[in-house]
Each structure stands twice: as C-alpha cells, then as structure tokens.
Amino acid sequence: RDVLGSRGLGDVYKRQTLMGAHARFSPSAANRLIHCPPSLVLGEAFQDEESPYAAEGSAGHALAEHLIKKHLKQQTRRPVSDYYSDDLIEAVDDYVSFVVSEIEAARKECPDPIFSVEQRVDVSDYVPDCFGTADMVIVTDKLLHIIDLKLGKGVPVYAEKNPQLMIYGLGILDMAEMLFPVETVRLTIFQPRLSNSSTWEITPEDLKSWGNEVLRPAGELALKGEGDLSAGSWCRFCKARFTCRQRAKENLKLAQMEFKEPALLTDEEIAEVLKQADELSKWAADVYAYAQDQAIVHHKQWNGFKLVMGKSNRKYTSEEEVAAAAKAAGYTDIYKHTLIGITDMERLMGKKEFARILGALVYKPAGKITLVPESDKREAIQTSTAEADFQKED
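All values derive from a computational prediction rather than experimental measurement.

Engineer: Could you give an account of the overall build of the chain, naming the residues involved and the relevant values?
Structural biologist: When helices and strands are tallied, the chain shows 13 helices and nine strands. By residue count, 42% of the 394 residues in the chain fall in the buried class. Sequence-distant contacts, at least 24 apart, represent 71% of the contacts inside the chain between residues at least 6 apart. Carbon together with sulfur atoms contributes 51% to the accessible area of the chain, which is approximately 22,800 Å² in total.

This is how it looks when you write it as structure tokens:
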C-alpha cells in the first residue's frame, strides 16, 4: 500500500499505455450499446463524426485538468484553444471549484488519499477493447469517488445507474482495491452549464454484479453485432441513426395513431404524443439531413424530390458606398442605429429611384441548396462536385 499509494493509480496499470486511441466499446456509448448491442457494428460502417461541440468539450476538459493539477502542485502547462470563451471558462471554473472542495474534504478524512486527473481506465476484464478516461478520481480509506464533467448545454445527465460512470467505477475499483478496503463507490456528474449536479452511490459488490450480469453479456453481443435492435433516447449519437430501420419503426408508431382534434384527445393520448413527439421530430430531421446530404454531395436521386436553390435576401455590396450614393441623391433619413435595410431603403426611395441610385450596389447571393418535393414550383438545379463539396464544408 505504501509503495503503490505514493505512486498513484497511474502506475498500477502499465498495460494502459498499450491501449489504442479509441475504444471499440466506448464507455461514453455504453448506455446505447447496452440497450441496443447491434448498433456498435452498424455504426462502424459510417465515418466518425467530429462536431464543434465535441472539440469545445475537449478544450474545456484540458483546461480543467490543468487547473486541478495546478491546485495539486503537479507539473502542468496551461492549454491554449480557440474554443475558450467567457462562458466555457466560467463553467470550467465552477467544476474545478467543486473538485477542489472534494479534494480538501478527502484530505481531512484520510491521511493518504489518492488523486488522479484524467485517469485512463481499462475495463477489458469485462469487455474486450473497453477503456476510457475518468475526469477526476479520489480514493480514500473506504471511498472511491469518480467525478465526471459534462459541458453540454442540451440534455441533463444524471449519475444514478449511469453506465459510463459505472464502467469507470469498475475499472478504478480494480486498481483502488489494491490500495484500500473500498466500501463505497460514489459517482458524480457535474454539468455546470445546466446547473445540474447529481451523485449516486453503490457498493463494490453490487457494481461488480452489474458488470457481470449486464455489462459483460451486452459487450459480448455488441462486439459480435448480435442481439436485438432497440430505439430510444440513446439513438441520439448513434452513427447509424439516419437509416436505422428499427428507429424508423418506433417513430412511425406516432404517425400511425388516429388523431382527433387536440381538444378531444384523452389525457393518455396527449401524454403519448408528448413522449414521442420530440424523438419523432429529431428522427425526421436526421432522415432529412441524411437524404439532403446524399443528394447534394453524392448526386443521389430521391423519388419525388429534387434540389432547388433556396430563398436568400438581398445584401448591400458596401454600406459605405450605399450611404454615400443615397446622401448624394438627397436622402438623409437612411439610418436607424445602423444603415437601414434594403426593404426599408426601397420603401423610402420607391422602386424606380432605388433601382436607379442603388441598383448596382445591391446583389442577391445564391440561396442554400434545399431538397423539396417535386410539386414545389421552383426550378430544379444540377450541382457539380465542387459546389457540393463547398456546401458540405460550409
């Protein structure tokens, strides 16, 4: 204990240095993979998704790691990122303050606590190729505490029976029990942008039972691409969500309902609509986005649909030149707090005078390419690969 305690958790598992950059069975996707094991193999047919939200989250975690290590007087260098904003920094500061308070509380309770920031966790004893990173780990004589930072602004996430944190708990427990007689595993999610913080506790015995009875069989099915498909809130980040037939089947149940006028719906019917409407809207938006991307980028022809140029608004080529031209023509009432818009300017001058004075200084940019039904009156367009690639980057 004395030797291992002085080194910390990071030196207990040398095999972690051999782990690849990405786990096949990722703890962050565990909720989906447990509910829908085949989604792992299905998703592998699609390219990895990189979003600015994920990049911002990574930047926030890097800053949090630096600040906590600084408090622990560990060697660290402040990270630099274009994603740092006042809002993000404030959220990270809130999280760091919470972690620091937990660190100091642990120091009072235990003479030799262990602290580990961004601790790599290997759970391959339960599921091959399952590993991840726990944001903050605190181990005292009897308590293992894992704290997870969530920087999302959308959906609240809770610690109770959270598969991602339970997986981290299993991996850290395997290490911590070499050092301490752990009696309680405490899991905390801190979500500062939603003012959401939740904590849940479980015994090591119950956690291991969950690992053997739930995680292990789900992992075995997922890695083989077997098991039953199941649609639910966990579909949100699945790479197969656009074309998954099971998700379509579940969401179309709402469309198959025989609706009455809203005022005549029973309470049970309204509740059913409320439960499904949000998921139905997200699913429909995902399908539309996939179909439009396939049409624009890959020239896919969808039966009954075509590509058209979307609506756009007129813009001034140069506000300075427009103001000078309008003033030269005797118009002075052309400003609000800024130069008045094109519609207001045209109303002020009249269409003919507007065209004569400012016609050469107004242009209409191309609208966004949009997929619409064949019945739409706009003329169909053809896109080149270059145009499609440009819009995809946009």
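Engineer: Please provide a residue-by-residue account of the packing of aromatic side chains, values included.
Structural biologist: Going through the model one piece at a time under the given rule, you end up with two aromatic pairs. Relative to Phe190, the ring of Tyr95 lies with its centre 6.1 Å away and its plane at 50°, an arrangement referred to as tilted. Note that Tyr95 is positioned in helix H5 (residues 86-109) and Phe190 in strand E4 (residues 184-191), a separation of 95 residues in sequence. Just as Tyr95 is buried, Phe190 falls in that class too. Ring geometry for Phe98 and Phe190: centres 5.0 Å apart, planes at 20°, overall stacked. Of the two residues, Phe98 sits in helix H5 while Phe190 sits in strand E4, which places them 92 residues apart along the sequence. Note on accessibility: Phe98 and Phe190 belong to one class, buried. A connected cluster of aromatic rings, assembled from ring pairs, spans Tyr95, Phe98 and Phe190. One Lys or Arg, Lys300, reaches over the ring of Trp302 and ends 5.0 Å from the middle of that ring.

Engineer: Can you lay out unusual backbone geometry for me, pointing to particular residues and giving the numbers?
Structural biologist: If you check the backbone angles, Lys73 has positive phi at about 60° while not being a glycine. Tracing the sequence through the fold places Lys73 in the loop between helix H4 (52-71) and H5. Although it is not a glycine, His299 sits at a positive phi angle of roughly 60°. Looking at where His299 falls in the secondary structure, it is placed in the loop between helix H9 (267-298) and strand E6 (305-309). Look at His299 and you get partly exposed, because its relative accessible area is 35%.

Engineer: Which residues make up a negative patch on the surface, and what values go with them?
Structural biologist: Judged by side-chain charge, Asp86, Glu90, Asp93 and Asp94 come together as a negatively charged surface patch. On the secondary structure map, Asp93 appears in helix H5. Since its relative accessible area comes to 35%, Asp93 is described here as partly exposed.

Engineer: Which residues make up the packing of helix H11 (residues 342-349) against helix H12 (residues 351-358), and what values do they have?
Structural biologist: Between H11 and H12, whose axes approach to 6 Å, the crossing angle comes to 115°. Viewed along their axes, H11 and H12 adopt a mutual orientation that is roughly perpendicular. Handedness of the H11/H12 crossing: right-handed. Residues Ile342, Met345, Glu346 and Met349 of H11 form the contact with H12, whose participating residues are Lys351, Glu353, Phe354, Ile357 and Leu358. When grouped by side-chain class, the residues that make up the contact of H11 with H12 number six nonpolar, no polar and three charged.

Engineer: A description of the sheet that holds strand E1 (residues 114-122) should follow, citing residues and the corresponding values.
Structural biologist: Read from one edge to the other, the open sheet built from five strands follows the order E1-E2-E3-E4-E5, with strand pairing classed as mixed. Strand pairing shows two members of the sheet lacking a second neighbour, E1 and strand E5 (196-202), which therefore form its edges. Averaged over all adjacent pairs, the angle separating strand axes in this sheet is 25°, with direction ignored. Note: E1 against strand E2 (residues 131-139), eight bridges, orientation antiparallel.

Engineer: Give a description of the side chain of Ser198 that names residues and reports values.
Structural biologist: One can find Ser198 in strand E5. By relative accessible area, which is 14% here, Ser198 ends up buried. A polar atom in the side chain of Ser198 sits 2.9 Å from the backbone nitrogen of Ala159. In contact with Ser198, other than residues within four places in its own chain, are Val157, Tyr158, Ala159, Leu187, Thr188 and Ile189.

Engineer: Tell me what's going on with the pattern of salt bridges, and back it up with residues and numbers.
Structural biologist: Within this structure, the stated rule accounts for 13 salt bridges. Its salt-bridge partner being Lys69, residue Glu65 comes within 3.0 Å of it at the nearest N-O pair. Residue Glu65 and its partner Lys69 are both found in helix H4; the two are separated by four residues, about one turn of the helix. Here Lys153 makes a salt bridge to Asp87, at a shortest N to O gap of 3.5 Å. Of this pair, Lys153 sits in the loop between strand E3 (143-149) and helix H6 (163-176) while Asp87 is found in helix H5, placing the two residues 66 residues apart along the sequence. A residue is classified by how much of its surface remains accessible, and Lys153, at 52% relative accessible area, is exposed. Through salt bridges with shared partners, a single ionic network connects Glu56, Asp87, Lys153 and Arg193.

Engineer: How would you summarise H4 if you had to cite specific residues and measurements?
Structural biologist: Between the first and last C-alpha of H4 there are 29 Å, a value that for 20 residues agrees with the 28 Å anticipated at 1.5 Å per step. Residues of H4 that are buried: Ala55, Glu56, Gly57, Ala59, Gly60, His61, Leu63, Ala64, His66, Leu67, Ile68 and Lys69. Packing partners of the buried residues in H4 comprise H5, E1, E2 and E3. At the exit of H4 stands Lys73, carrying a positive phi of roughly 60°.

Engineer: I'd like a description of the nonpolar core, backed by residues and values.
Structural biologist: Phe25, Val123, Leu144, Ile167, Leu207 and Leu215 are the most contacted members of the largest nonpolar core, which totals 40 residues. Taken together, the elements giving at least two residues each to this core come down to helix H2 (30-35), E1, E2, E3, H6, E4, E5 and helix H7 (204-224). The dominant element in this core, judged by the number of residues it contributes, is H6, at nine residues. Here Leu144 is in contact with Val137, Ile138, Val139, Gly169, Ile172, Leu173, Val182, Thr184, Val185 and Arg186, once residues within four sequence places are set aside. One finds Val96, Ala106, Met136 and Ile138 within the second-largest nonpolar core, a separate group that totals 23 residues.

Definitions and limits used
Residues numbered from 1 in each chain as written. Predicted model: local features only at pLDDT ≥ 70, side-chain atom pairs only at ≥ 80, totals over all residues. Heavy atoms only, no water. Helix = DSSP H or I, 4+ residues; strand = E, 2+ residues; numbered from the N terminus. Buried < 20%, exposed > 50% of the residue type's maximum accessible area, 1.4 Å probe, protein only. Contact = heavy atoms within 4.5 Å. Areas by Shrake-Rupley, 256 points an atom, 1.4 Å probe, with all protein chains shown as cover. Phe/Tyr/Trp six-rings, centres within 6.5 Å; stacked < 30°, edge-to-face > 60°. Lys NZ or Arg CZ within 6 Å of the ring centre and 35° of its normal. Patch = residues over 30% accessible without salt bridge, like charges linked within 9 Å, V, L, I, M, F, W, Y side chains within 5 Å. Salt bridge = Lys/Arg side-chain N within 4 Å of Asp/Glu carboxyl O. Lys, Arg positive; Asp, Glu negative; His and termini not counted. Charge placed at Lys NZ, Arg CZ, Asp CG, Glu CD. Axes fitted to C-alpha atoms, helices over the stretch in contact; angles between N-to-C directions. Parallel < 35°, antiparallel > 145°, perpendicular 65-115°, else oblique. Left-handed = near helix turned anticlockwise from the far one by under 90°. Nonpolar A, V, L, I, M, F, W, Y, C, P; charged D, E, K, R; others polar. Pairing = 2+ DSSP bridges. Polar contact = N/O pair within 3.5 Å; in protein donor to acceptor, adjacent residues only side chain to side chain. Expected span 1.5 Å × (residues − 1). Core = buried A, V, L, I, M, F, W, Y, C linked by side-chain atoms within 4.5 Å.

That's the geometry; what it means functionally is another story.
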